[in-house]
Amino acid sequence: MGEDKKTLTSVLCGISGEYAAAAELTRRGFVASITLRNTRGIDILVANADASISAGVQVKTNQNGKRLWLLTQKAEDFYSKNLYYIFVCLKAPGYRPDFFVVPSKDVAKYITKSHARWLARPGRHGQSHADNTMRQFKDPEGSYLERWDLLKLS
């Protein structure tokens, strides 16, 4: 019996992505622990098997099949050498999601530059874009697809 893909609420989409990322990290031999909701900017704490190397992970999830995720302006300044993003692209139930593993510094650099380019380009009718706090991270070429090595936990 095949299940039709259902659109999840944004909250369930986010939670699903966090659990999928934690499960994949665990499947790869890491210790992954989902943090409490009040942990600013870190959704998963991950370490190698002997806990000698650890990192924080921010998870962003979409379910539209596009390699595009929304962030806020805060992400431009929220980076460190031990902070990573795992961008999750959910698929229909029964299919493994796509995971994009990106160092936080790469995300900050990308969204800062892409937002500046967007502001500099004229809008649909030639008008200037109004600045806002929304940012987009994209990886259409799949440069970060399945790049678990970038976590440097081995």
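Our structure's up above, just so we're on the same page.
Residues numbered from 1 in each chain as written. Predicted model: local features only at pLDDT ≥ 70, side-chain atom pairs only at ≥ 80, totals over all residues. Heavy atoms only, no water.

## Observations concerning the overall build of the chain
Definition in use: Strands here are runs of E lasting at least two residues and helices are runs of H or I lasting at least four, both read from the DSSP assignment and numbered beginning at the N terminus. Relative accessibility thresholds used throughout: buried, under 20% of the residue-type maximum; exposed, over 50%; partly exposed, between the two (1.4 Å probe, protein chains only). For this analysis, residues touch if any pair of their heavy atoms sits within 4.5 Å. For every accessible area listed, the method is Shrake-Rupley and the probe measures 1.4 Å; residues are considered covered only by the protein chains on display. Here the positive residues are Lys and Arg and the negative ones are Asp and Glu; neither His nor the chain ends is included. In this description, the location of a charge corresponds to atom NZ of lysine, CZ of arginine, CG of aspartate or CD of glutamate.
When its secondary structure is counted, the chain shows two helices and seven strands. Seen in sequence order, the chain has helices and strands lined up from the N terminus as α-β-β-β-β-β-β-α-β. Taken along the three principal axes of its C-alpha coordinates, the chain extends 55 × 45 × 30 Å. For the chain, with 154 residues in total, the buried portion stands at 39%. The long-range share in the chain, meaning contacts at least 24 apart out of those at least 6 apart in sequence, stands at 58%. Split by element, the accessible area of the chain, about 9,500 Å² in all, is 54% carbon and sulfur. With 23 positive and 15 negative side-chain charges, the chain shows a separation of 4 Å between the mean positions of the two kinds.

## Things to note about the nonpolar core
How we decide: In these notes, a set of buried Ala, Val, Leu, Ile, Met, Phe, Trp, Tyr and Cys residues joined through side-chain atoms within 4.5 Å is what counts as a nonpolar core.
Core analysis: the biggest nonpolar cluster contains 20 residues, and Leu 25, Ile 44, Val 46 and Ile 86 have the highest contact counts within it. Mapped onto this core, the elements with two or more residues apiece are helix H1 (10-27), strand S2 (44-47), strand S3 (54-62), strand S5 (83-89) and strand S6 (98-103). The leading source of residues in this core is H1, at five residues. Sequence-distant contacts of Leu 25, that is, excluding residues within four places in its chain, are made with Phe 30, Ala 32, Ile 44, Val 46, Ile 86, Trp 148 and Leu 151. Ranked by size, the runner-up nonpolar core spans 15 residues in total, among them Phe 78, Phe 87, Cys 89 and Ile 111.

## Topic: helix H2 (residues 104-120)
The cut-off we apply is this: Working rule for helices: expected span equals 1.5 Å times residues minus one. Throughout, the arc means the angular range of directions from the helix axis out to the C-beta atoms.
In a regular helix each residue adds 1.5 Å, so 17 residues correspond to 24 Å; H2 covers 24 Å between its end C-alpha atoms and thus fits that length. Among all positions of H2, only Ser 104, Val 107, Ala 108, Ile 111, Ser 114 and His 115 are buried. Along the long axis of H2, the arc covered by the buried residues comes to 150 degrees, so they all point the same way. Counted as exposed and oriented over 90 degrees from the buried face of H2: Lys 113 and Ala 120. Next to the buried residues of H2 lie strand S4 (68-72), S5, S6 and strand S7 (134-138).

## Points about the side chain of Glu 18
By the secondary structure assignment, Glu 18 is in helix H1. In this structure Glu 18 comes out as buried when scored by relative accessible area, which is 6%. Contact partners of Glu 18, with chain neighbours within four places excluded, come to Ile 34, Arg 37, Asp 43, Ile 44, Val 59 and Thr 61.

## Notes on the pattern of salt bridges
In plain terms, the rule: The term salt bridge refers to a side-chain nitrogen of Lys or Arg lying within 4 Å of a carboxyl oxygen of Asp or Glu.
With the rule as written, the count across this model stands at eight salt bridges. When the shortest N-O distance is used, the salt bridge between Glu 24 and Arg 28 registers 2.9 Å. For Glu 24, a relative accessible area of 7% puts it in the buried group. The exposure class of Arg 28 is partly exposed, given its relative accessible area of 35%. Two residues, Arg 135 and Glu 76, come together in a salt bridge whose shortest N-O distance is 2.6 Å. In this pair, Arg 135 is assigned in strand S7 and Glu 76 in the loop between S4 and S5, connecting sequence segments 59 residues apart.

## Topic: the packing of aromatic side chains
To be explicit about the condition: Classification of ring pairs rests on two measures: the distance between centres of Phe, Tyr or Trp rings, Trp counted by its six-membered ring, which must be within 6.5 Å, and the angle between planes, read as stacked under 30 degrees, edge-to-face over 60 and tilted in between.
If you walk through the whole model with that rule in mind, you get eight aromatic pairs. Measuring from centroid to centroid gives 4.9 Å for Trp 69 and Phe 87, while their planes differ by 40 degrees, and the two rings are tilted. Of this pair, Trp 69 sits in strand S4 while Phe 87 sits in strand S5, and the two are 18 residues apart along the sequence. Judged by its relative accessible area of 2%, Trp 69 falls in the buried class. Seen in terms of ring centroids, Phe 87 and Phe 137 are 4.6 Å apart; in terms of plane orientation they differ by 5 degrees. Their pairing is stacked. Taken together, the residues Phe 87 in strand S5 and Phe 137 in strand S7 connect sequence positions 50 residues apart.

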